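This is what each chain is made of:
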4 protein chains.
Amino acid sequence: MSGNTIGKLFTVTSFGESHGPALGCIVDGCPPGMALSEDDIQIDLDRRKPGTSRHTTQRREADQVRILSGVFEGKTTGTPIGLLIENTDQRSKDYSKIAESFRPGHADYSYQHKYGFRDYRGGGRSSARETAMRVAAGAIAKKYLKASADIEIRGFLSQLGPIKIEKFEWSVVETNPFFCPDVDKVAEMEQYMDALRKEGESIGARIEVIASNVPPGLGEPIFDRLDAELAYALMSINAVKGVEIGDGFACIDTKGTAFRDEITPEGFLSNHAGGVLGGISTGQNIRASIALKPTSSLRLSGRSINVRGEPIDVVTQGRHDPCVGIRATPIAEAMTALVLMDHLLRHRAQNFEVDSGLPTLR
Amino acid sequence: MSGNTIGKLFTVTSFGESHGPALGCIVDGCPPGMALSEDDIQIDLDRRKPGTSRHTTQRREADQVRILSGVFEGKTTGTPIGLLIENTDQRSKDYSKIAESFRPGHADYSYQHKYGFRDYRGGGRSSARETAMRVAAGAIAKKYLKASADIEIRGFLSQLGPIKIEKFEWSVVETNPFFCPDVDKVAEMEQYMDALRKEGESIGARIEVIASNVPPGLGEPIFDRLDAELAYALMSINAVKGVEIGDGFACIDTKGTAFRDEITPEGFLSNHAGGVLGGISTGQNIRASIALKPTSSLRLSGRSINVRGEPIDVVTQGRHDPCVGIRATPIAEAMTALVLMDHLLRHRAQNFEVDSGLPTLR
Amino acid sequence: MSGNTIGKLFTVTSFGESHGPALGCIVDGCPPGMALSEDDIQIDLDRRKPGTSRHTTQRREADQVRILSGVFEGKTTGTPIGLLIENTDQRSKDYSKIAESFRPGHADYSYQHKYGFRDYRGGGRSSARETAMRVAAGAIAKKYLKASADIEIRGFLSQLGPIKIEKFEWSVVETNPFFCPDVDKVAEMEQYMDALRKEGESIGARIEVIASNVPPGLGEPIFDRLDAELAYALMSINAVKGVEIGDGFACIDTKGTAFRDEITPEGFLSNHAGGVLGGISTGQNIRASIALKPTSSLRLSGRSINVRGEPIDVVTQGRHDPCVGIRATPIAEAMTALVLMDHLLRHRAQNFEVDSGLPTLR
Amino acid sequence: MSGNTIGKLFTVTSFGESHGPALGCIVDGCPPGMALSEDDIQIDLDRRKPGTSRHTTQRREADQVRILSGVFEGKTTGTPIGLLIENTDQRSKDYSKIAESFRPGHADYSYQHKYGFRDYRGGGRSSARETAMRVAAGAIAKKYLKASADIEIRGFLSQLGPIKIEKFEWSVVETNPFFCPDVDKVAEMEQYMDALRKEGESIGARIEVIASNVPPGLGEPIFDRLDAELAYALMSINAVKGVEIGDGFACIDTKGTAFRDEITPEGFLSNHAGGVLGGISTGQNIRASIALKPTSSLRLSGRSINVRGEPIDVVTQGRHDPCVGIRATPIAEAMTALVLMDHLLRHRAQNFEVDSGLPTLR
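- Under an unreviewed UniProt entry, the name given to chain A is Chorismate synthase, and the source organism is Methylotuvimicrobium buryatense.
- Of the comments in the UniProt record for chain A, the one headed Catalytic activity (unreviewed entry) reads "5-O-(1-carboxyvinyl)-3-phosphoshikimate = chorismate + phosphate".
- UniProt annotates chain A under Subunit (unreviewed entry) with the comment "Homotetramer."

Listed below in structure tokens is the structure:
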């Protein structure tokens, strides 16, 4: 398979450049009979949309999605769902300077090497603009997972640069532009971002996603483990440099008795493993964290070369997110949903007749 | 595809349980004409082999590999390569107790839920014994990558429990049982492991893999990015809980000017990104790190339930690695090799005629 | 993979219903740097378009294709190409009667069984309307095959009902509405079709496709043989009931000495095999034939059942092709092109460095 | 995916050459809990085995299969099933002459072009010897299809050279070396084959496979239709040159009212379509036919070239089947089983919750 399709049974194939006429994707493998409208998708698109606070890029995109197929009389038909979003605010002029230069930390250089040629407008295909389609497709998966298996997928920002959350309330997450669950940190983040913007700098962030009510049994070892597929899906998001399942890197300096999650008839006593054992869901919450790097689109000059190999200084004008992590929560949720959706279907296919007789512990 | 195949063009399909008669895999897509013998594979198998120091499981396996097809007159033919390793030291009696119980932190519970039934001997399919075939297949990929593109893949242990390396010499890595590149830490690690074994405990570790001379252009955005595929492949290794590319999670609290790798006509000035931009290799070293959890096979009793859902105490006898990370370096190298091999072929397929005219910077 | 994607490296993923707002597809894996415009695609779409003669359905569709991504400054970028065709002449009212009934010989019954629910307007997804996207994607493959490897793919109608061609001239094929290469049979076919239409009947046809200048070596045994993949791609076209490679079924009563294609230094002495040996192209013309059944959309009443399982009589009004084979030539060419394109890329991936030193015989 | 894997959810990956040490395959995706022993597989292997009558090759192979994994305590575990058959009667000396020459009608020339190098012993990978693994894997699929869905798959020879069957009795099929269901034709076939062998010639054959009790709904349009996948799987068998579904090529000169299969509440009135409409099973018998070419291994001299491009005369000594169709019935059954198995699982995955409320008609 070429690189723009994700999934085996529930597949999403994506197209579109930052400054092309439109973005789109095809969602194939959605079971028939589920109620689906554009509103179901728009909710998550609006959560990701640029320009909703002063802390993100000021590009204005309606990100209005159209369903072009696969839904009839308000229900999915089981045939592929075509989704389309027109680009409306491209302003190609902002980007004309980068046609001949490679912005450091960007995909300009690697794309040019690979393809010998690139759509330089706004980063072309390498722009995070394509994540709109991930969110759109993910919204369909989220709806199905909830409707068919009561699975819920929610994310939040757990760290913004040096600021780590200390309190956690789901109800706070959607009330601030950071998806921050700690109400006491929001003002601090606002100030940090304002200072950062003045400085011309950017910063990284950490996002965590939690999937609850996942049935035990999802994941296809030895390669297509649930955690391996989550790592793939989450690492495929622009700017992600690390993925953790459960406690992640903290396991290195933890002893076995402290890390193993003991089990009682009433449930697990801890969840260091993040809801996955041997690559298969246990029934506990799936927990995954990602690290997003600071964006490299900066108005502070950086050294680079141009297409002729000559040294240049690069200053990135235009509209950019000083912290791409701020808008990444809906994207991380979407990628998690795509993986769980695919594995729910894969699990059903092979284990249609299985009844382990075991309790589902949380 | 079912879950026991990795790769799109260079595919490895694996089978075998810990205590079954044999393990095997099929390597499909290896280009024809490469010299290949069992010795080429055995070298890496011997590096992973159990029982070579007192710090690993005392199971004795010759891990002698046979090539059953795909090689003729000492050269690969382009047809699938069948590999087989017979299991010789199974001692099933050691494991009979776990037939009815779920060891905490192990895959027993999740396998039973998924399949309704499991081969409980030594963990069956969920045992790290299957990683022998990963190493065998990886050895073929490593040989081809070196022969065809001069790519070199090497790994090392960078942290064992609380002990982090401070010095780095490649020449040291193969001279100690830990794959530790810091000669001054080896004695400390030996003592730490001896104490741990007495205690009955286990511990985690961090492994890093570096691929050098990787040509720019490998990786297939937007989903099959090189870093995403590495994350998948590395997270699919038993006990891995986290994957980092380049600086990984350290990017969260780093500013954009510090993180972006500036470029000069003589080369990159840093490699925080770990050799990947926009999901495509840049020509710099690919750097990936993984965290391995402490094994859950402990002789210190832990609470769990049995197949009837009743509470039990579990003590794991038998032969186990107190730190699975110690033997993980060759496995991490192998998985990295499989990903690079697949992407080298995928890149050639689409970009046969591309000449970017750009210099290859390191 | 779900069922709406074809290809491994050059993949086409399709969506769209007969009476939905639009049809589309994503072509992923097209090498970068090829000149491509909407005109390149429109040529073949116009050859397939309905309503161009009195012998096909009178539905009027402009079938105007838009390229939404993957092309920049007139050249392919190596990123996915999004294609879109708006439906303009749906007339849903014509089809309202079939909501509750299953037309015999149509996919109504099997779709309802599979999905429990179907878009009944004009056959929904099962309509041959989707073949427009096959032709569009195929046009891109055809252009690349010609530009990169001088491969040419052309088809023709070799039999319409009882009328078989006896003469063959490529120059005649595009001069009549049947793609018939025998100038003497065109009038006979016109009369036959006029009579058939009056009668209210439909009829089958045979189409042959020839790919010339195919390099030796394409095809990936033992399963993904070139002939097997052609059979898959051609049988996936609506109404196709049989596929032959080379002499096809005539081989049954042929002896070995007559069938084997002898070789001389100047070339092969015959081409009974149709250009494929052992599943790999030989360099000779690839020859494949398909049989298309008579359409089941007839105004002559037929027995069936309705969604409640009750007996009914079905009469199909609306606009239909009395011989779907008439418009099938561009579709068969397109499917052949998709397979050859995919295999050209697959072959390059694995055999990058191969030089057999053998002559290319035709 | 590389070319030696078939299936999406129920996958078979195969390896092995005619004269290598062993053949094998990995069956991945078999649901857990099915009773399975080597005897279940051996039955079909013995039906395909060479040397069981004077009409097939005199190579003597026990074709004894070993299950190496995926079965525990007599039941499938849901993990991959490794199968192995050792080659015992290779006699490589018989084939040494063909190292430098290309037998006309064989894959020698195309393999050499593709890979630049080939295992010439007995045709290497291109030998029909690999079909043993198809039959072994197919036996597992057949067992599951019967156990889980009561699906039965049976084949027979319907034509041998000029001799067509006129009567049909299932009970006759397994009582003669041809799998011929017409008791009156067996003696005629025996005589025909004896004469052919004396002559040094070979001949083609037609095999038909019927799958009964297939539930409606299998098949994944628009590309992975059930008929398209059958065409792929059957065309991938050595020597096959044509595939028909239902009436196949006879549809060309049939009118619509005669071809459409009318439906009544009691069932379909005919089955011209072969049990597939719109690429989805209807519940009727699936009917597929294949044409197998006469083998090109003949002791009658044929013109060809050698590896240096020089003209030569080729005489094939060694042990060969004068009609490969004679042993092809179990292979065709196996390939049909693999496709149905894969599609049964795929269908379940997506349509887990569907209840169409429709009757299953036959």
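Points about the overall build of chain A
Part 1: What chain A contains, in helices and strands, is 8 helices and 18 strands.
Part 2: Taking 2.2 N^0.38 as the reference for a compact globule, 362 residues should give roughly 21 Å; the C-alpha atoms of chain A span a radius of gyration of 21 Å, in line with that estimate.
Part 3: Considering only C-alpha atoms, chain A reaches an extent of 65 × 50 × 40 Å along its principal axes.
Part 4: The buried share of chain A, taken over its 362 residues, is 72%.
Part 5: Contacts in chain A between residues far apart in sequence, at least 24 positions, make up 70% of those at least 6 positions apart.
Part 6: When the accessible surface of chain A is totalled, it reaches about 10,200 Å², and 48% of it is carbon and sulfur.

Considerations on the interface of chain A and chain D
Part 1: Of the residues lining the interface, 16 residues belong to chain A; the matching set on chain D comes to 16 residues.
Part 2: For the pair chain A and chain D, the summed buried surface comes to about 1,400 Å²; carbon and sulfur atoms form 56% of the total.
Part 3: The interface formed by chain A and chain D includes 0 salt bridges.
Part 4: Across the chain A-chain D interface, the total number found is 8 residue pairs in polar contact (both at pLDDT 80 or more).
Part 5: Every element with two or more residues in the side of chain A that touches chain D is listed here: helix H3 (131-149) and helix H8 (329-351) of chain A.
Part 6: Take the side of chain A that touches chain D: its biggest share by element is 5 residues, from H8 of chain A.
Part 7: Class assignment of the residues belonging to the side of chain A that touches chain D gives a composition of 9 nonpolar, 5 polar and 2 charged.

Remarks on unusual backbone geometry
Trans is the common state for peptide bonds, and a negative phi is the common state for residues other than glycine.
Part 1: The omega angle of the peptide bond from Pro221 of chain B to Ile222 of chain B is 5°, so this bond is cis rather than trans.
Part 2: Here Ile222 of chain B shows up in the loop between strand E10 (205-212) and helix H6 (226-235).
Part 3: We note that Asn213 of chain A has phi near 65°; this positive angle belongs to a residue other than glycine.
Part 4: Its place among the elements puts Asn213 of chain A in the loop between strand E10 (205-212) and helix H6 (226-235).

A closer look at the relation of the copies chain A and chain B
Part 1: Of the transformation placing chain A onto chain B, the axial shift is 0.0 Å and the rotation is 180°, giving an RMSD of 0.0 Å. Taken together, the rotation and translation relating the two chain copies correspond to the operation of a two-fold axis. Of every C-alpha in chain A, the one belonging to Tyr232 of chain A sits nearest the axis of rotation, 2.3 Å from it.
Part 2: Interface overlap between copies: 100% of the residues of chain A at the interface are likewise at the interface in chain B, consistent with a symmetric, same-surface contact.

Notes on the UniProt feature "binding site: FMN" (unreviewed entry) in chain A
Part 1: Following the UniProt record, the feature "binding site: FMN" (unreviewed entry) maps to Arg125, Ser126, Ser127, Asn238, Ala239, Gly278, Lys293, Pro294, Thr295, Ser296, Ser297 and Arg319 of chain A here.
Part 2: Position of Ala239 of chain A among the secondary structure elements: in the loop between H6 and strand E11 (240-245).
Part 3: Dropping the residues within four chain positions of it, Thr295 of chain A is found in contact with Ser202, Asp321, Pro322 and Val324 of chain A together with Gly256 of chain B.

Digging into the side chain of Thr13 of chain A
Part 1: Considering the arrangement of structural elements, one finds Thr13 of chain A in strand E2 (residues 11-15).
Part 2: Within the structure, Thr13 of chain A has its side chain in polar contact with the side chain of Thr5 of chain A (distance 2.8 Å).
Part 3: Ignoring anything within four residues of it in the chain, the contact list for Thr13 of chain A reads Asn4, Thr5, Gly24, Cys25 and Ile26 of chain A together with Thr13 and Ile26 of chain C.

Structural notes on the pairing of E10 of chain A
Consecutive side chains of a regular strand alternate in pointing toward one face of the sheet and then the other.
Residues and elements named next belong to chain A.
Part 1: Burial analysis of E10 places 8 of its 8 residues in the buried class, which makes it a mostly covered element.
Part 2: When strand E8 (residues 152-160) meets E10, the two strands line up antiparallel, connected through 8 bridges. Note on E10: the bridge partner recorded for Leu157 is Ile207.
Part 3: Of the strand pairs in this sheet, E10 and strand E16 (residues 286-292) are connected by 7 bridges, and their pairing is antiparallel. Counterpart to Ile207 in the pairing with E16 is Ile290.

Notes on the interface of chain A and chain B
Part 1: Each partner contributes to the interface: chain A provides 116 residues, whereas chain B provides 116 residues.
Part 2: Where chain A abuts chain B, roughly 9,300 Å² becomes buried across the two surfaces, and 63% of that area is made up of carbon and sulfur atoms.
Part 3: By the criterion of area lost to chain B, the three top residues of chain A are Lys114, Phe223 and Lys241 of chain A, representing 10% of everything that side buries.
Part 4: Here chain A and chain B share 8 salt bridges between them.
Part 5: Two residues, Glu199 of chain A and Lys255 of chain B, come together in a salt bridge whose shortest N-O distance is 3.0 Å.
Part 6: Viewed at the interface, chain B and chain A are joined by 61 residue pairs in polar contact (both at pLDDT 80 or more).

Each value, and the rule that gives it
Along every chain, residues carry numbers that run from 1 in the direction the sequence is written. Working convention: letters from A go to chains and numbers from 1 go to ligands, in the order in which they are written. Selection of residues for local features in this predicted model requires a pLDDT of at least 70, selection of side-chain atom pairs for listing and counting requires 80 or more, and totals for whole chains, interfaces and linings are taken over all residues. Side-chain metrics rest on all non-hydrogen atoms present in the structure, leaving aside hydrogens and water. UniProt positions are given in the numbering used here, feature names are shortened, and annotations may be inferred rather than shown by experiment. Here a helix means four or more residues in a row that DSSP labels H or I, a strand means two or more in a row labelled E, and each is numbered from the N terminus. For a compact globule the rule gives 2.2 Å times the number of residues to the power 0.38, and the radius of gyration it is set against comes from C-alpha atoms. Think of it in three bands: with a 1.4 Å probe and only protein chains considered, a residue is buried below 20% of the maximum accessible area for its type, exposed above 50%, and partly exposed in between. Any pair of residues with heavy atoms lying within 4.5 Å of one another is described as a contacting pair. Each accessible area is a Shrake-Rupley estimate made with a 1.4 Å probe; only the visible protein chains count as cover when residues are assessed. Note: buried area is the sum, over both parts, of the accessible area (probe 1.4 Å) each one loses when the two are combined. Salt bridge, as used here, is a side-chain nitrogen of Lys or Arg placed within 4 Å of a carboxyl oxygen of Asp or Glu. Here a polar contact means two N or O atoms within 3.5 Å. Within protein one must be a hydrogen donor candidate and the other an acceptor candidate, and residues neighboring in sequence count only if both atoms are side-chain atoms. Gly is put with the polar residues, along with every residue not named as nonpolar or charged; the nonpolar set is Ala, Val, Leu, Ile, Met, Phe, Trp, Tyr, Cys and Pro, and the charged set is Asp, Glu, Lys and Arg. Alignment of copies: least-squares fit on C-alpha atoms of residues with pLDDT of at least 70 in both copies. When DSSP locates at least two bridges between a pair of strands, those strands are taken to pair.

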